[in-house]
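Here are the chains, one letter per residue:
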Amino acid sequence: MKDDNFLKENNARHLWHPMGHPGDAQETPPRVISSASGVSITDIDGQTAIDAVGGLWCVNLGYSNEVVKQAISDQLQQLPYYSAFTGTSNPAAIEASHAVREFFAEDAMERVFFTSGGSDSVDVALRLARQYHRLRGEPTRTKFLSLKKGYHGTHFGGASVNGNPRFRHAYEPLLPGCFHLPAPYTYRNPFNETDPATLADRIAAMAEDEIAFQGADTIAALIVEPIQGAGGVIVPDASFMPKMREVCDRHGILLISDEVITGFGRTGDWSGARHWGVQPDMMTCAKGITSGYFPVGATLVNGKVAEVFETADADGAIYSGYTYSAHPVGAAAVVATLAETTRLDLAANAAARGTQLHEGCLRLKDKHDIVGDVRGGHGLMTGVELVSDRGTKAPMDGATMKRIHQATWDAGAMVRLGMHNILMSPPLTITEAEVDAILTALDVGLSAA
Ligand code: PLP
């Protein structure tokens, strides 16, 4: 390993960092995280903080799970790579598909298609949705509905259904035939509707209207996050996802639940859709599927979708796949992660600690005028929206957000900035004392505004 001076000098010299301006990174090089343990990360200057981001909504088991590390290491010795693209299979992938299917049995998921991450999983889901309708004799169903504020990755498919202009504009034109409904975001919405249930009704009515306008026979799928993550932790009313399910059923539209963040316990239940009492037709997963220890994603389909493919003629062949599809090391990580996730009952801890974090943030809202809205309360996904004026809801400026971020880090917690939101999604193994430490650090950070 090169010394710290080399790392600092070269941090942004040849390395382009995602989601930021390369010039900014050269001017203010990103913090270099060099080690991690439990729920904490340490940078090359030796400063340690609780990782309230959980890597990127993904390190559900924390950084020290020896079972998963050992499984990865053992698999590297046994079979470090073989491709499922070539018409072969491998023992770890077979076991992993079984484990994932078992994990989501209550969600009625029946088949598992492994990918290399969330963006891949979304693209595969969109592709399979079109193919499903084509196989059923409805080839005109090619369009997609999604929600504003939604995030579905950065491949062209995911970017096309994304609902944040930031991830779209530089890359347009995107996939044609993608239409966006309002987000179930009570703090800001086009109707100024503050009642979550009424807002859910209004969005369902708009979905009906859009479907009538486009023609139901042109729409393949609706893709939604059960709780919108990157968009600012936008928690819908409990009626919202069931209503979306009803609308889809009425019009023969597939419902894709993007569980890249919400799967594997983060919401306090094993899937976000289950949290709202809904069974989707497809689910997209990544992140917590390996606790972030290895890049793996998965697209899951229910029996209805599976049957159409499995009983079709040659057109039922799935021409999606990756060099790393069903990677044996990733698959071994999946098997170990799911076993550990279940053994440690992470959903229960996420529910309890999520309530603690949410209630603590509500107390910070009482104390700090710059907190406009606090969202969460459904597992370990918490969003704190900062404003420069509570009356006008003017978003907090970027320089102040950065100052708050730095002060929170200095006080012992790494949080994430999503525009003018502070986003938190710590490891699901976090303890009560560690959540308190995050809240204390955030209090200090907010005081630095
Ligand atoms: N879908 C959702 C809901 C996500 O939150 C993300 C990433 O944060 C993705 C898809 C994309 O996943 P990845 O970054 O692994 O490609």
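The residue numbering used here restarts from 1 in each chain and proceeds along that chain's sequence as written. In view of the model being predicted, local features appear only for residues whose pLDDT reaches at least 70, and side-chain atom pairs are presented and counted only at 80 or more, with totals across whole chains, interfaces and linings using the full set of residues.

- Looking at an unreviewed UniProt entry, the protein carries the name Aminotransferase, with the source organism given as Roseivivax halodurans JCM 10272.
- UniProt positions are given in the numbering used here, feature names are shortened, and annotations may be inferred rather than shown by experiment. Under the UniProt heading Sequence similarities (unreviewed entry), the entry covering the protein gives this text: "Belongs to the class-III pyridoxal-phosphate-dependent aminotransferase family."

## Comments concerning the packing of helix α4 (residues 66–78) against helix α12 (residues 328–343)
- Each axis is a line fitted through C-alpha atoms, taken for helices only over the stretch in contact, and angles between the N-to-C directions span 0 to 180 degrees. Under the DSSP-based scheme used, a helix requires at least four consecutive residues in state H or I and a strand at least two consecutive residues in state E, with every element numbered from the N terminus. Viewed as axis vectors pointing N to C, α4 and α12 meet at an angle of 155 degrees, and their least axial separation amounts to 8 Å. Looking at the two axes, α4 sits roughly antiparallel to α12. Crossing hand, α4 versus α12: right-handed. Listed contacts from α12 to Val67, Val68, Ala71, Ile72, Gln75 and Leu76 of α4 are Pro328, Val329, Ala332, Ala333, Val335, Ala336, Thr337 and Glu340.
- When residues are grouped by polarity, Ala, Val, Leu, Ile, Met, Phe, Trp, Tyr, Cys and Pro land in nonpolar, Asp, Glu, Lys and Arg in charged, and all others, Gly among them, in polar. Its residues assigned to classes, the contact of α4 with α12 comprises 11 nonpolar, two polar and one charged. What sets the label is the angle itself: under 35 degrees gives roughly parallel, over 145 gives roughly antiparallel, 65 to 115 gives roughly perpendicular, and the rest give oblique. Take the far helix as your reference; a near helix turned counterclockwise from it by less than a right angle gives a left-handed crossing, and one turned clockwise gives a right-handed crossing. Any pair of residues counts as being in contact when their C-beta atoms, constructed from backbone geometry, are within 7 Å of one another.

## Quick notes on the environment of Arg202
- Here Arg202 shows up in helix α8 (residues 196–214).
- Put simply, a residue is buried when 20 or more other C-beta atoms lie within 10 Å of its own C-beta and exposed when 12 or fewer do; between those, it is partly exposed, and each C-beta is set from the backbone. Among the residues examined, Arg202 registers 18 C-beta atoms within 10 Å and is labelled partly exposed.
- Beyond its immediate stretch of four places on either side in the chain, Arg202 contacts Phe191 and Glu193.

## Some words on the domain arrangement of the protein
- Start and end points for every domain follow an automatic or database-based domain assignment. Taken domain by domain, the protein consists of domain 1 (31–61 + 345–447) and domain 2 (68–343).
- Here domain 1 and domain 2 have C-alpha centroids that lie 26 Å from each other.
- Taken together, the contact pairs 29 residues of domain 1 with 26 residues of domain 2.
- Those elements that place two or more of their residues in the side of domain 1 that touches domain 2 are α3 (54–57), α13 (346–367), β11 (371–375), β12 (382–389) and β16 (421–424).
- If one sorts the elements of the side of domain 1 that touches domain 2 by residue count, α13 sits on top with five residues.

## Comments concerning unusual backbone geometry
- Residues Glu172 and Pro173 are joined by a peptide bond in cis, for which omega reads 5 degrees.
- By the secondary structure assignment, Pro173 is in the loop between α7 (156–161) and β6 (178–181).
- With a phi close to 55 degrees, Val233 is a non-glycine residue in the positive phi region.
- Positionally, Val233 belongs in the loop between β7 (219–224) and α9 (240–251).
- For Val233, a count of 28 C-beta atoms within 10 Å corresponds to the buried category.

## Concerning the site of the ligand
- In this text, near has one meaning. A residue is near a molecule or strand if its C-beta atom, placed using the backbone, is within 6 Å of it. Gly117, Gly118, Ser119, Gly153 and Val260 are the nearest of the 14 residues found near the ligand.
- The residue inventory of the shell around the ligand, partitioned by class, reads six nonpolar, six polar and two charged.

## Considering the packing of α13 against helix α15 (residues 432–447)
- Where α13 meets α15, the closest approach of the two axes is 10 Å, and the angle between their N-to-C directions is 25 degrees. One element, α13, and the other, α15, form an angle in the roughly parallel class. Remark: the crossing between α13 and α15 carries right-handed chirality. Residues Arg353, Gln356, Leu357, Gly360 and Leu364 of α13 form the contact with α15, whose own contacting residues are Glu432, Val435, Ile438, Leu439, Leu442, Asp443 and Leu446.
- The residue makeup of the contact of α13 with α15, split by class, is seven nonpolar, two polar and three charged.

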